[in-house]
Amino acid sequence: MPRSLRVREECIRAVKSCLLRNGFPSQKILAEDLGMAQSTVSHFLNGKPVDYANFIEICRGLGQEWRHIADFEAQSEPEEVLLVRAKVAILFEGLANARSTSHNTLSQQLHQALSAAGHEVFFINNSSDSASYLKRCDYLLLLISQESAASEMVLEQVQLAKELHNFTAHKPAILPILVEFNTPLSFDLLSYLAGVQPWLWRGADDSSKLLSEILNIIKEGRTSLTADHELAVEWNAISSTKQSIIQPLPAAPPELPGGQVEIASRFYIDRPPIESRCYETIAQPGALIRIKAPRQMGKTSLMARILHHAEMQGSRTVALSFQLANRRIFANSDTFLQWFCASIGQELGMLEQLPKCWELADLIGSNQCCKAYFEQYLLSESSKPLTLGLDESDRLFESPEIADDFFGLLRALHEEAKRRDIWKKFRLIVVHSTEVYIPLDVNKSPFNVGLPIELLEFDSQQVQDLAARHGINWSATEVAEMMALVGGHPYLVRLAMYRIARQDVTLNHLLKSATTEAGIYSDHLRRHLWNLEKYPELIEAMREVSSGQKPVRLRLELAFKLNSMGLVKQEGNYCSARCNLYDEYFRDRLG
């Protein structure tokens, strides 16, 4: 076994790009996280030899398979790392679907082969027990079918697995397997799986190859599927996160709703005069737009359209979601701001200049370093305007000290445009789901300046318009029946129309089965229940809301959080269920 290893020269660039993707804005933060000298990490990233054990540990920290990138100096291969008994979870939403016979066969074959090899195997379901099993399993076999790709529960569990992977010695290792798959993945799912190698299972002929490779991976202690196998595919060959810049076709098949609505989609419903006001505002020097609405109301889709409009006007654009930042990013303000600048710099191809700006952080502070990075590089005299979209900004409310620093910085940068031409090229979109429930100085807050936009539910005319775009000829009475169940909630209305347009269900059957496990909303409702179960105070608050006949008064923070999740609507100081669907479901489950 060699005493030292180094990264192959052709792999150095790819390995460096893994820093930010795994939540390390700098070499220093990676070294601190691993408990080793920064010089060791620097040697590793620059292709210099490091101790064998340190090499493997750094690879784990960056989510890399060390055998794939090592330049072996010795003739002998290193000893295999044997894992006698692994805990393996299989996550596949189609297990309960009678139409997924071949898919079920694959999952059962995986279960049998792994069990026969002595491993502990567990099917992930939608109970609270699945979360506790994810916390102790070594591998997650993620079987992605057309159904599971659109499942809200699958997205929640992948997010949890990704967070656990970053904080528990990189367990579980996620092995994504696309099952006879030809449907684009959502933006969020692609983001969580970025950098993770997928395979494509095309049918029964691929089963033996897949089983053999997975058994070898576990036997050798590897943490990823190989990229040079005949079943290996690339994410960009399956789906693209870039939006097409073409006009919608006059007619198009229904789109399965979930996440951002594509720019070219005919199923995006304008809510006048919101879009036109946003497009007009974002073209102004130093513009700031604030978009507020509960979850799944269309905030990200609107932000994408504003960014697209800005790009068409000659601006550079960057969309950054704070939901994709793992927990170590929120350790302190310095780490967070490094991640913030690094994320933007990486998107614009200007990441290499960041370390120089951060050299004086101990003397002048991170806020000043961040400002200098923008002024010296991102907003240089020769550069085009920069429009930045910040999604899921609420996540910072969980870290009040970071929120106070960062939102104060955003306000200061916005004010700079009033006195310095360089900052007139900076335009900002801040997206959040709830009111600001942490104390912020009114003079340091970006939430009381700029253009405020609050997205409301669809009205009956917009619901009827959306039905027509799905090829559904609804009367005013049928529109009223649909809205009596879910109001004008964009996602819930679109999901109903998608299933009706595909003739999976009739409106009458949908209304009768809506709150049952056989209904089309079962996955959506289970996700909400699963999330509530993590927070005893929230589940008690929702129990109080759903059990009463009148709106109830909740503690302000609880009301804001439930409203952010989209479960309640606030009427003054009182809360009630956002729609009858939620009221009936949670009264039954929590009563």
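Residues numbered from 1 in each chain as written. Predicted model: local features only at pLDDT ≥ 70, side-chain atom pairs only at ≥ 80, totals over all residues. Heavy atoms only, no water.

Draft legend 1. Molecular detail of the sheet that holds strand 3 (residues 70-71). In spatial order, the strands read 2-1-3; together these 3 strands make up an open sheet with antiparallel pairing. In this open sheet, the two strands that pair with only one neighbour each are strand 2 (50-51) and strand 3. Examined bridge by bridge, strand 1 (residues 4-7) and strand 2 share 2 bridges and lie antiparallel to one another. Residue Ser4 lies in a different strand from strand 2, and its bridge partner there is Asp51. (Pairing = 2+ DSSP bridges. Helix = DSSP H or I, 4+ residues; strand = E, 2+ residues; numbered from the N terminus.)

Draft legend 2. Structural context of the nonpolar core. Core analysis: the biggest nonpolar cluster contains 49 residues, and Tyr521, Leu562 and Leu581 have the highest contact counts within it. With 7 residues, the top contributor of residues to this core is helix 22 (residues 490-501). When sequence neighbours within four positions are dropped, the list of residues in contact with Leu581 reads Leu485, Val486, Leu492, Ala514, Thr515, Tyr521 and Leu525. Within the second largest apolar cluster, 48 residues are counted, among which are Leu386, Ile402, Phe406 and Ala417. (Core = buried A, V, L, I, M, F, W, Y, C linked by side-chain atoms within 4.5 Å. Buried < 20%, exposed > 50% of the residue type's maximum accessible area, 1.4 Å probe, protein only. Contact = heavy atoms within 4.5 Å.)

Draft legend 3. Representation of unusual backbone geometry. The omega angle of the peptide bond from Pro272 to Pro273 is 5°, so this bond is cis rather than trans. For Pro273, the location among the structural elements is in the loop between helix 12 (235-238) and helix 13 (274-282). A positive phi is found at Glu392, a non-glycine position, where the angle reads about 55°. Within the secondary structure, Glu392 is located in the loop between strand 11 (386-391) and helix 19 (400-416). For Glu392, a relative accessible area of 31% corresponds to the partly exposed category.

Draft legend 4. Summary view of empty space enclosed by the protein. Taken as a whole and judged by the stated rule, the model has 1 cavity of 30 Å³ or more. Approximately 50 Å³ is the volume found for the largest cavity. Lining the largest cavity, in full, are Gly286, Ala287, Leu288, Leu410, Leu413, His414, Trp423, Phe426, Arg427 and Leu428. Contributions of two or more residues to the lining of the largest cavity are made by helix 19 and strand 12 (426-432). Considering only residue class, the lining of the largest cavity consists of 7 nonpolar, 2 polar and 1 charged. (1 Å grid on protein atoms, 1.4 Å probe; cavity = no way out; pocket = protein on both sides within 12 Å on 5 of 7 lines; lining within 4 Å. Points joined across faces, edges and corners; volume = space filled by probe spheres on them. Nonpolar A, V, L, I, M, F, W, Y, C, P; charged D, E, K, R; others polar.)

Draft legend 5. Just the packing of aromatic side chains, in detail. Summed over the entire model, instances satisfying the criterion amount to 20 aromatic pairs. Centre to centre, the rings of Tyr52 and Trp66 are 5.9 Å apart; their planes meet at 85°, and the pair counts as edge-to-face. Here Tyr52 is found in helix 4 (residues 52-61), whereas its partner Trp66 is found in helix 5 (residues 66-69), with 14 residues between them in sequence. These aromatic residues form a ring-pair network of at least three members: Phe322, Phe330, Phe336, Trp339, Phe340, Phe374, Phe397, Phe406, Phe407, Trp423, Phe426 and Phe447. One cation-aromatic arrangement involves Arg305 over Tyr268; the distance from NZ or CZ to the ring centre is 3.8 Å. (Phe/Tyr/Trp six-rings, centres within 6.5 Å; stacked < 30°, edge-to-face > 60°. Lys NZ or Arg CZ within 6 Å of the ring centre and 35° of its normal.)

Draft legend 6. Quick peek at helix 14 (residues 299-312). With 14 residues, helix 14 should cover 20 Å at 1.5 Å per step; its first-to-last C-alpha distance of 20 Å lies within 8% of that length. In terms of burial, helix 14 is largely enclosed, as 10 of its 14 residues are buried. Within the span of helix 14, buried status applies to Lys299, Ser301, Leu302, Met303, Ala304, Arg305, Ile306, Leu307, His308 and Ala310. The elements touched by buried residues of helix 14 are helix 13, strand 9 (288-292), strand 10 (316-321), strand 11, strand 12 and strand 13 (451-454). Looking one or two places after helix 14, you find Gly314, whose phi comes out positive at around 100°. (Expected span 1.5 Å × (residues − 1).)

Draft legend 7. Examining the side chain of Asn531 more closely. Relative to the helices and strands, Asn531 is located in helix 24 (residues 522-532). Leaving out residues up to four positions away in the same chain, Asn531 has contacts with Glu156 and Met565.

Draft legend 8. Layout of the pairing of strand 11. Along strand 11, 6 of the 6 residues are buried, which leaves the element largely enclosed by surrounding structure. Of the two faces of strand 11, both are covered, the one formed by Leu386, Leu388 and Leu390 as well as the one formed by Thr387, Gly389 and Asp391. Here strand 10 runs beside strand 11; their pairing, made up of 6 bridges, is parallel. Counterpart to Thr317 in the pairing with strand 11 is Thr387. Judged from the 5 bridges that link them, strand 11 and strand 12 form a sheet pairing that is parallel. Each bridged residue has a counterpart across the sheet, and for Leu386 the counterpart in strand 12 is Phe426. Traced from strand 11 through helix 19 to strand 12, the parallel crossover comes out right-handed. (Right-handed = clockwise from strand over helix to strand, strands pointing away.)

Draft legend 9. Structural context of the sheet that holds strand 7 (residues 173-179). Taken in spatial order, the 5 strands line up as 5-4-6-7-8 in an open sheet, and their pairing is parallel. Since the sheet does not close on itself, it has two edges, and those belong to strand 5 (120-124) and strand 8 (199-201), each with one partner. Within the sheet, the average angular offset between the axes of one strand and its neighbour, ignoring direction, is 25°. The sheet contact formed by strand 7 and strand 8 spans 3 bridges and is parallel. Among the inter-strand pairings, Leu178 is bridged to a residue of strand 8, identified as Leu200. Taken strand by strand, helix 11 (residues 207-220) contacts strand 4 (87-91), strand 6 (139-144), strand 7 and strand 8, and its axis lies near 145° from that of strand 8. (Axes fitted to C-alpha atoms, helices over the stretch in contact; angles between N-to-C directions.)

Draft legend 10. Seen up close, a nonpolar patch on the surface. Among the surface-exposed residues, Leu360, Leu363 and Ile364 lie close enough to one another that they form a single nonpolar patch of about 320 Å² accessible area. Within the element layout of this structure, Leu360 appears in the loop between helix 16 (354-357) and helix 17 (361-364). (Patch = residues over 30% accessible without salt bridge, like charges linked within 9 Å, V, L, I, M, F, W, Y side chains within 5 Å. Areas by Shrake-Rupley, 256 points an atom, 1.4 Å probe, with all protein chains shown as cover. Salt bridge = Lys/Arg side-chain N within 4 Å of Asp/Glu carboxyl O.)

Draft legend 11. The side chain of Ser522, seen in detail. Looking at where Ser522 falls in the secondary structure, it is placed in helix 24. Judged by relative accessible area, which is 11%, Ser522 ranks as buried. Ignoring sequence-local partners within four residues, the contact set of Ser522 consists of Thr516 and Glu517.

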